[in-house]
Amino acid sequence: MGRQKYHGDGTGPFKGEYQMKPRGRVFFSPADDQYIIAVGTWIDHSPEAIDQIIVEFDLPREKTIVKKA
């Protein structure tokens, strides 16, 4: 489930060239029992994306943190 829904038909939230799409990763830390959303500074311009990521990956909000690289 790592791909953007509807990415092929142009209806997804991030359209355009690959290089212009925001990128990040989702990790799970068993030692901390915590999910980590690792993103770049682009998140400052699109903070609503955090909720979209949490919903897309079905992450538990109380165990999810965001780290900017």
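See the structure printed just above.
Each value, and the rule that gives it
- Residues numbered from 1 in each chain as written.
- Predicted model: local features only at pLDDT ≥ 70, side-chain atom pairs only at ≥ 80, totals over all residues.
- Heavy atoms only, no water.
- Salt bridge = Lys/Arg side-chain N within 4 Å of Asp/Glu carboxyl O.
- Helix = DSSP H or I, 4+ residues; strand = E, 2+ residues; numbered from the N terminus.
- Buried < 20%, exposed > 50% of the residue type's maximum accessible area, 1.4 Å probe, protein only.
- Pairing = 2+ DSSP bridges.

Peer 1: Looking at this structure, I do not really get the pattern of salt bridges. What am I missing?
Peer 2: Pairing between side chains becomes possible if they bear opposite charge and their charged atoms approach one another. According to the stated counting rule, one finds three salt bridges in the structure shown. With a shortest N-O distance of 2.7 Å, Asp 33 and Lys 63 are connected by a salt bridge. Of this pair, Asp 33 sits in the loop between strand E1 (24-29) and strand E2 (34-39) while Lys 63 sits in the loop between helix H1 (48-56) and strand E3 (64-68), and the two are 30 residues apart along the sequence. Since its relative accessible area comes to 37%, Asp 33 is described here as partly exposed.

Peer 1: Help me understand the pairing of E1, please; the structure alone is not making it clear to me.
Peer 2: Side chains on a regular strand alternate between the two faces of the sheet. Bridging between E1 and E2 involves six bridges; their strand directions are antiparallel. Its bridge partner being in E2, Phe 27 is matched across the sheet by Ile 36. The hairpin turn running from E1 into E2, its antiparallel successor, is four residues long, and Asp 33 in that turn takes a positive phi close to 50°.

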